[in-house]
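Observations on chain architecture
Take a look at the letters that make up each chain.
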Amino acid sequence: DGDMILSRYPILKADSMWINPRTSETEGRAALHVVVKAPAPIGNVDVYITHLTGGGDKIRTAQADAVTSWIAKTRGTGPLLVMGDLGDGPASGAYQAFVGSGLRDIAVADAGAGDQPANTCCRDRVVGTQPPLTTRTSFMFSGGWASDGMTIFGDQPQNQPDGSLLYGSDHDGLEAVFPINAPGP
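All residue numbers refer to positions counted from 1 along the written sequence of the respective chain. Only residues with pLDDT of at least 70 are given local features in this predicted model, and only at 80 or more are side-chain atom pairs given and counted; all residues enter the totals for whole chains, interfaces and linings. To obtain the side-chain values, all non-hydrogen atoms of the structure were used and water was disregarded.

Points about the state of the cysteines
Defined by distance alone, a disulfide is two cysteine sulfur atoms within 2.5 Å. The final tally for this structure, using the stated rule, is one disulfide. Between Cys121 and Cys122 runs a disulfide, and the two sulfur atoms are separated by 1.2 Å.

Here is the structure:
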């Protein structure tokens, strides 16, 4: 596994942590942190990404606790974005660890009255016709920066030269837009 953050703005710092507990000696789950220099008046933005492991809710909750503790120790004073595949939905202990640490689930915050955030997981295969996704395991959280909206991408397959359908991933992607002006809640 590997996580990556791409930015059109300068990355001032990057660090990572190995996530424990692990489910085996060969597992190498990690969390990545970068500090991005955003345009004024935003300043520096702390961006984190992670993918929690299998092993059940108890293991993922412990991993989420480790990641949120690391975030609290390493983040600056500016806006904060956290992205991750938690392996479970909003009723899980892992999700509760993130929102319990004060992070805001952008999809929930952006949902209108009566709207439910889109499901993001999981296709059995990336080739061929696939049924609609049934769960939400990919999340984007913020601290100190309100989004102008969140959308899904990669939810439609592309036709290949041989006529087959191909999805970009077994998950749909999340995209959020953040204003370059004074940060909000």
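After that view, the rundown keeps rolling.
Thoughts on the packing of aromatic side chains
We call Phe, Tyr and Trp rings a pair once their centres come within 6.5 Å, taking the six-membered ring for Trp, and we label the pair stacked below 30 degrees between planes, edge-to-face above 60, and tilted otherwise. Throughout the structure, instances matching the rule amount to six aromatic pairs. Between Phe98 and Phe141 the ring centres are 5.2 Å apart and the planes differ by 5 degrees, which places this aromatic pair in the stacked class. Of this pair, Phe98 sits in helix 2 (residues 93-100) while Phe141 is found in strand 6 (residues 138-143), placing the two residues 43 residues apart along the sequence. Of the two residues examined, Phe98 and Phe141, each falls in the buried class. An angle of 40 degrees between the planes, with centres 4.9 Å apart, marks the rings of Trp145 and Phe178 as tilted. Taken as a pair, Trp145 in the loop between strand 6 and strand 7 (149-153) and Phe178 in the segment after strand 10 (173-177) lie far apart in primary sequence, 33 residues in all. The exposure class assigned to Trp145 is buried, which follows from its relative accessible area of 6%. Three or more aromatic residues link up through ring pairs in this structure, and these residues are Tyr95, Phe98, Phe139 and Phe141. Under the scheme used here, helices are H or I runs from DSSP no shorter than 4 residues and strands are E runs no shorter than 2 residues, and both carry numbers assigned from the N terminus. Under the scheme applied here, a residue whose accessible area is under 20% of the maximum for its type counts as buried, over 50% as exposed, and between as partly exposed, the area being computed with a 1.4 Å probe on protein chains only.

Examining the sheet that holds strand 1 (residues 11-18)
Pairing between strands requires that DSSP locate at least two bridges from one strand to the other. Within the open sheet, the six strands sit side by side as 1-2-3-4-6-5. Their pairing is mixed. The sheet is open, and its two edges are formed by strand 1 and strand 5 (104-105), each paired on a single side. Across the sheet, helix 1 (residues 57-74) lies against strand 1, strand 2 (30-37), strand 3 (44-51) and strand 4 (80-85), angled at about 145 degrees from strand 1, the strand it touches most. What makes two residues a contact is simply this: any of their non-hydrogen atoms within 4.5 Å. Inter-axis angles, ranging from 0 to 180 degrees, are taken between N-to-C directions of lines fitted to C-alpha atoms, where helices are fitted over the stretch in contact. In this fold helix 2 packs onto strand 4, strand 5 and strand 6, with an angle of close to 15 degrees to the strand it touches most, strand 6.

Some details on helix 1
For a helix, the expected span equals 1.5 Å multiplied by the residue count minus one. With 18 residues, helix 1 extends 25 Å from end C-alpha to end C-alpha; this agrees with the ideal 26 Å at 1.5 Å per step. Every buried residue of helix 1 is listed here: Arg60, Thr61, Gln63, Ala64, Val67, Thr68, Trp70, Ile71 and Thr74. Summarising the contacts, the buried residues of helix 1 are in contact with strand 1, strand 2, strand 3, strand 4 and helix 2.

Details of the nonpolar core
Working definition of a nonpolar core: buried Ala, Val, Leu, Ile, Met, Phe, Trp, Tyr and Cys residues. They are joined through side-chain atoms within 4.5 Å. Of all hydrophobic cores here, the largest spans 19 residues; its most connected members are Ile71, Val82, Leu86, Phe98 and Phe141. Mapped onto this core, the elements with two or more residues apiece are helix 1, strand 4, helix 2 and strand 6. Excluding its chain neighbours within four sequence positions, the residues that come into contact with Ile71 are Tyr48, Leu80, Val82 and Phe98.

Regarding the environment of Glu27
Counting through the fold element by element, Glu27 comes out in the loop between strand 1 and strand 2. Along the sequence, Glu27 and Ile152 sit 125 residues apart, while their C-alpha atoms lie 29 Å from each other. Beyond its immediate chain neighbours, meaning those up to four positions away, Glu27 contacts Arg22 and Thr53.

Some thoughts on the pattern of salt bridges
Here a salt bridge means any side-chain nitrogen of Lys or Arg lying within 4 Å of a carboxyl oxygen belonging to Asp or Glu. On inspection of all chains with the given rule, the structure shows three salt bridges. The partner of Asp172 in a salt bridge is Arg123, and the shortest N-O contact between them spans 2.5 Å. Remark: Arg123 occurs in the loop between helix 3 (106-110) and strand 6 and Asp172 occurs in the loop between strand 9 (165-166) and strand 10; sequence separation between them is 49 residues. Each member of the pair, Asp172 together with Arg123, is buried.

Looking at the packing of helix 1 against helix 2
Where helix 1 meets helix 2, the axes come as close as 7 Å, and the angle between the chain directions of the two elements is 20 degrees. Overall, the two elements helix 1 and helix 2 adopt an arrangement that is roughly parallel. For the pair helix 1 and helix 2, the sense of crossing is right-handed. Mapping the contact onto sequence places Asp57, Arg60, Thr61, Ala64, Asp65, Val67, Thr68 and Ile71 in helix 1 and Gly93, Ala94, Ala97 and Phe98 in helix 2. Residues are grouped as follows: nonpolar covers Ala, Val, Leu, Ile, Met, Phe, Trp, Tyr, Cys and Pro; charged covers Asp, Glu, Lys and Arg; every other residue, Gly included, is treated as polar. Here the residues of the contact of helix 1 with helix 2 are counted per class, giving six nonpolar, three polar and three charged. Relative orientations are named as follows: roughly parallel for angles under 35 degrees, roughly antiparallel for angles over 145 degrees, roughly perpendicular for angles from 65 to 115 degrees, and oblique for any other angle. In this scheme the handedness of a crossing depends on how the near helix is turned from the far one: anticlockwise by less than a right angle means left-handed, clockwise means right-handed.

Honestly, that's just the spatial picture; any functional story needs more than this.
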